[in-house]
Amino acid sequence: MTSDFEPRIISFLCTWCTYTAADTAGISRMRYPPNADIIRVMCSGSVDPTYVLRPLLDGVDGVLIGGCHPGDCHYQSGNYKARRRIVALKMILDSVGLDDERVWLRWISGAEAGRYAETVTQMTEALKEKGLNPMRQKWAV
Amino acid sequence: MRTVIPVENDDTLAAVRGFLRRLLEEQIVDALLVPMETPAGGGRIGVVPALVTDPGMLDAANPLAPVMGVNTARVAGQVSIREPRGRVGVVLRSCEVRALVELAKLHQAELDDLVIIGLDCLGTYDVPVHGTMQDDGALDMAALLATARSGDLAPREGYAFRSACQMCEKPHAEGADITLELFGADLTAGVPVTLPDEVGEKLGLGSEGEDGQRSEVVEKVVSVRTEVRDDRFAEIREQLDQEGIDVVFAACVRCHNCMDVCPICYCKQCLFRSHVFQHEPIQYLNWARRKGAYRLPSDTMLFHLTRLNHMVLSCIGCGMCTSACPAELPVDLVFRATGARLQEGFDYVPGRSVEEPLPLITFREDEWLDVGGE
Amino acid sequence: MMDAGRHPNITLLSYSEVEDVSGYVGNFEVKVRRNPRYVLEDLCTACSLCLEVCPITLPDEFNEGLGTRPAIYRSFAQAIPSVFVIDKKGVAPCRDACPTGQRAQGYIALIRERRFADAYRSIKEDNPFPAVCGRICNHVCEDACSRGRVDEPISIMRLKRFVADWAFEHPEEVAKAFAPKIDQDAETPDATGKRVAIVGSGPAGLTVAQDLKLSGHDVTVFEALPVAGGMMRVGIPEYRLPAEILQREIDEIIDLGIDLKLNTKVDDVVALKSGEDQGGPFDAVFVGIGAHSDVRPPVTGVDLPQMLAANDFLRGASMDYYPDLIGKKVIVLGGGDVAMDAACTAVRAGTMQADREGGEPPEVRVAYRRTEAEMPALEAEYTQALEDGVAFDWLVSPVSVEADDEGNVCGLSCCRMELGEPDESGRRRPMSIDGAECLMDADVVISAIGARPNLESVPEVIKRTPNGRQIAVDENTMATSVDGIFAAGDAVTGMAFVVDAVGAGHKAARAMHAYLMGLPMPGPEVKLPVADVSDEEIEARKASGQVVEMVRVCTLEEVDAGERIHSMCEVTGPVSEEEAVEEAMRCLQCGVCSECNQCVYVCGPLAIDHNMVEEHLDLKVGAIIVATGFQMWDPHQLSQYSYGKSPNILTGMEFERLSSSGGPTGGEILTAEGKKPESVAIIHCVGSRDHNAHPYCSRVCCMYSLKQAHLVRDKTGADVYNFYMDMRTFGKGYEEFYERVQEEGIIFIRGRGAQVEVLPDGKLQVRGEDSNLGRVVQVDADMVILSTAIEAPGDADQTAALFGLGRSEDGFFAEAHPKMRPVETNTDGVFLAGTAQGPRDVPDTVAHAGAAASMALALLDKGVVTISPQVAVVNETLCSACKTCISLCPYTAISFVERDNVARVNEALCKGCGACAAGCPPGAITARHFTDEQIMAQIEGLLSMPRVLVEA
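Calculation rules
- Residues numbered from 1 in each chain as written.
- Chains lettered and ligands numbered in written order.
- Predicted model: local features only at pLDDT ≥ 70, side-chain atom pairs only at ≥ 80, totals over all residues.
- Heavy atoms only, no water.
- Helix = DSSP H or I, 4+ residues; strand = E, 2+ residues; numbered from the N terminus.
- Buried < 20%, exposed > 50% of the residue type's maximum accessible area, 1.4 Å probe, protein only.
- Expected span 1.5 Å × (residues − 1).
- Axes fitted to C-alpha atoms, helices over the stretch in contact; angles between N-to-C directions.
- Left-handed = near helix turned anticlockwise from the far one by under 90°.
- Contact = heavy atoms within 4.5 Å.
- Nonpolar A, V, L, I, M, F, W, Y, C, P; charged D, E, K, R; others polar.
- Phe/Tyr/Trp six-rings, centres within 6.5 Å; stacked < 30°, edge-to-face > 60°.
- pLDDT = per-residue confidence, 0-100.

**Student:** Tell me about unusual backbone geometry, residues and numbers included.
**Tutor:** With an omega dihedral of -5°, the bond running from Leu296 of chain B to Pro297 of chain B counts as a cis peptide bond. With respect to the element layout, Pro297 of chain B can be found in the loop between α11 (281-291) and α12 (300-311). Each neighbour pair has its own omega, and for Ile80 of chain C with Pro81 of chain C the value is -5°, a cis peptide bond. With respect to the secondary-structure elements, Pro81 of chain C resides in the loop between β5 (72-73) and β6 (85-86). Notably, Trp368 of chain B is not glycine yet its phi reads approximately 45°, a positive angle. Assignment of secondary structure puts Trp368 of chain B in the segment after α14 (331-345). Among the residues examined, Trp368 of chain B registers a relative accessible area of 23% and is labelled partly exposed. If you check the backbone angles, Glu595 of chain C has positive phi at about 60° while not being a glycine. Within the secondary structure, Glu595 of chain C is located in the loop between α22 (577-585) and α23 (598-602).

**Student:** Talk me through helix α19 (residues 498-517) of chain C; I want residue IDs and the actual numbers.
**Tutor:** Residue and element names in this part refer to chain C. Taking 1.5 Å as the rise per residue, α19 with 20 residues should run 28 Å; its terminal C-alpha atoms sit 28 Å apart, in good agreement. In terms of burial, α19 is largely enclosed, as 14 of its 20 residues are buried. Directly beyond the C-terminal end of α19, a positive phi value near 70° is found at Gly518.

**Student:** Could you give an account of the packing of helix α11 (residues 203-214) of chain C against α19 of chain C, naming the residues involved and the relevant values?
**Tutor:** Residue and element names in this part refer to chain C. Put simply, α11 and α19 touch, their axes get as near as 8 Å, and they point 35° apart. Once α11 is placed against α19, the crossing between them reads as right-handed. Of the residues in α19, those in contact with Pro203, Ala204, Thr207, Val208, Gln210, Asp211 and Leu212 of α11 are Val498, Ala501, Val502, Gly505, His506, Ala508, Ala509, Met512 and His513. By residue class, the composition of the contact of α11 with α19 is 10 nonpolar, five polar and one charged.

**Student:** Before we move on, can you summarise the packing of aromatic side chains with the specific residues and values?
**Tutor:** How two aromatic rings sit relative to each other is given by the distance of their centres and the angle of their planes. All names here are of chain B. This structure, assessed with the given rule, holds 23 aromatic pairs over all chains. Seen from their ring centres, Tyr125 and Phe161 are 5.0 Å apart, and the 45° between their planes marks the pair as tilted. Of the two residues, Tyr125 is situated in the loop between β5 (114-119) and α4 (127-135) and Phe161 in the loop between α5 (141-150) and α6 (163-166); the sequence distance between them amounts to 36 residues. Both residues of the pair, Tyr125 and Phe161, belong to the buried class. Considering the side-chain rings of Tyr284 and Trp287, the 5.9 Å spacing of their centres and the 75° angle between planes classify their relative orientation as edge-to-face.

**Student:** Could you give an account of the confidence of the model for chain C, naming the residues involved and the relevant values?
**Tutor:** All names here are of chain C. In this model, chain C carries a mean pLDDT of 91, and residues with pLDDT of at least 70 account for 99%. Element-level pLDDT for chain C is lowest in helix α10 (residues 184-187), with a mean of 61, against a maximum mean of 97 in strand β23 (residues 624-626). Interface predicted TM-score (ipTM) for the complex: 0.96; the corresponding pTM is 0.69.

Listed below in structure tokens is the structure:
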């Protein structure tokens, strides 16, 4: 893939942790790739796998789900539930011939602005390596 | 206790009917949910589940018929879920027992007043095949029942069992209250049955006979079937890896039949038939513009992937989806192969026990620690 | 602070901790534990008299450990509420173990301080017989002593003897110690006019007599014998407890104004109460008749003249009456302390007779039916008996006492025994071996196989224990079954120790006082928490050198056996003052506060309550403000500052105390050597702005360092060198102050990486880089002040978990938004104030706290709280009744409505996390404002947007 390929990422960020980290990264004027668009959710545990599947089938190159570290969920256990759901989803994707490595689940606390910026950077790089999501060109899905 | 229902004149079916009748007569159950024979036109006999309260009507019961039109667990839920209700005996094949256990966990069935009468399954035909075989005079119950003794299960030459049955590695009934243990038995002599002591006493049955050949025969059947299953899994996995689900399911007509017949898909109305997926006209246009063309009805792969996501951990492999698919897609294979992967991953065996919680409603703090980039 | 403390609408819960928080904004439920401060807040006037009498010395946290404080203290002079607190971990194990509740750690602490008269008063608080118990106690306190886990237990009994002996020799000082310290009225109550009869003058009876007399009752003690003291007097031989010493302690009690009637037998204790024969009627009677009846062995020949009961023998001996023992063969039956006492007394009596009249000393043997291992006598008594020449025969049981023709004892027939299975006492049961009989020569046989109460004077109307041998009492009040009659001591328990009788006597006296005054009878005693020194703590103290393994200082010195058997002189020798003080130093002070009670004696308002227990409060509050502050970063962590290697390297906080007029030097700036420093270096940013410690700026250090520089210059005229990175004088008037300090001749060296070296002569040398001049600077200093960072408290993680707070990268609690919501947290109704949120100086803290208060008030003033609209809602037509959502909800906010066969959300409980929505297959339950359509629309919106990537 040519180096000017810019992957698109949709991220679902928990409002208490990763969204705050993203906000802080902005306030702190951190530099990181602009490839990730953010959809704020109340908790990583509220991310319905369908929300992940929809953009992937539409051709988005990656989906990032960001939540609080295990044990730190603002809602006690939402991230543990999210972890099971996303693990199951990734198994399904891999099992039916879709690329589960386009889905990232990351624990990033509100304090970890740097980690957020780093995660987006890494994900962008990884997706650049992978190249375009083949679904982008498939109309019969 | 374990006992044997005596068979007279080699008529195994009559003996089974007689046993079921006694359950009603002795008021062990108020009603029986059991497959019943009914004229199906053109001289064919159809076999469909019915709720029977009159012992006299059981002359038409035929739980041994090698045909499966619906997964009876779905209707077992309907007769049990709320009070007032009767005490109902449900005659189920092994895969139906497993489906019922999953439905109980999903609060779509209530096991308290159900008496599960499980049946070792010798294999079933699709409804149209069952019809054709009758036309051809090829339906030979005695020959089929004879296979139970050795475990060399096979369809009548020239016909095929349903796809799911061909790779069914759990044909033996487990987890039932009363079990008709066909495997390993000479069914012309008697039908072995295990049942609670108090039921046996009420029926005036004495303890008789040991497990005999059953476990050996079951082991044999399971090993043969597992081999078939593994070959099929390997094939479909290879195909999915190469082509992707969008190609494998490309011919889907989105009729939702698979979902409608699935015993686990319990939703009153599927999400994909709800307002969430009734898009604005401009939306379709936008999609078409983005990719240059866009398949309609829309969201076909999303439907299958979401259905996988919603139910595949509970998939018990009855294969009704494939039986119902007008496009003859390998739905059961894709779901079973995916299900096997997830069930192993979450250490979950659907249909094993009502006590085992559904994986996605629970969690452990100390699992999947590598997930999340820690 | 004063204003806050005095404000009628502010309740200050000091010395308290929040244990649990539940509920939600406007409706929090907070569980608070109020630690016992052992001082009643509403009575203490902070007069400080208690400070002077407390024998405990601890490092003073407020003065950064530069000074010391007693166990009873107030953090600092301006503390609110202005009341004292006692630093007490709990009751020391020694006190807990003692039946009298003897505050051993208390008198040991006073011995350390050489306050022997005070120690004596402390002992007498619980035990009227220090000299007795200092000699013959079974000292269970020593078994419980934590020091035993280091080397050997403290010789608690011997220390008590020392104090008691000292007190006898220093009556004037003792009188002073006992003189009322507050006012006479508070210490001596009015006479009540109630009359109490005590039957028996043993330890139980005399304890009750003392306690009731001190409570103002009129007390008469009846004693059948010509001497008082009960078993202490007539049971314990002179050589163990000299009668003269016992008599001193009895006299002290009698001299309180008690009517002691010797040689006065009471025939019927019930009649005594109501009748007038013996000076009655009495309002209450105490029965303390002891256990003076011997248990006779079941053998033939017990009525022979030389067959004696140990009690009779010892009683006679105590009054100088002995049978003729010259050259006699004496056999003592039994294996307990009484048997040892009888044997050793027989040795002495016979030897003394022989010395006086000529002849051979007696030959004394002890015959016991078990073996040495099962013998119940105290080890020391057994050893003494061996030394005194007593012989022992094991595994023999008497069958009959043989008489000669004249009817005198001439031998003892015994049966040989063997040990069988253990019985209920855990000792192996002796069983006779058939046919294995033996005959032992004997002229005198003394039976010491037990004693029980003589209940002749106790009519049957008073219930007995189930075995019928003792008086049955209520275990909390020692009341018998007859109204107004109480009992304790051996009469209730059977033979036991003096401390058991004294402890039970105190208990009976409390109940009798309540009975006499018509007060509610005491219930079960509150079990106070026991302060245990953990093994880890012991190891830590050993490691730090605070505790060094050693042997006991007070060893048991005894008069030589060859000498002592010729008289009844006391066997154990005295304890010297030096030994006692040194031994007391070994005490680990388990309880911290020693409960010596000295503070109680001087507290005018009677504000001290050593029996306080922790309280639990359930509070309902609408808002919570977290103002838990900071802690100082520990400069040990960076070795280049050499902190801890010289007492003249101080943290800013330590210097703050040193320069304070309330501090350890009264405000004089002195080095550890007590001299004015001539050169002082101040190093800024120690632990702050340093990636090896905290990367953030602690904000307050520049300014306090400038102030300290000014103070040093002003008070000592020393040269002051400030090593700094940047000067941060951001506040109002700060820059002006900086300029003023510069004009005072203080030297500023800009640069990083200062380090401190302690030279061999103890001098300090500071090296740093002057980045302005680009060279290394080296300064000799007498004192170095490290401007250490401030950091989040060590327990911030627990606080965060308790209140549902997040934490920023710097460890301080996270505000809801760094710019827009600096006071709120992510938990509605919980606000932050001050350094809990981040480093800030006093004016900023006050402003922040004011903002937090305003936000809390604005919330409470409305009376209603608006909760987030982000709650889950069920579309009942889609709900398929699978109850998945109910399993997923962490707040039990979803319930199932059987009638309608649908799930329903309680919006007050729902917190809007959406875990249910993500798990609902038909999409029937959705989180408002985050519905499937809304999320899908956002996805669609993003995807349909033309993508212009601009590097941010």
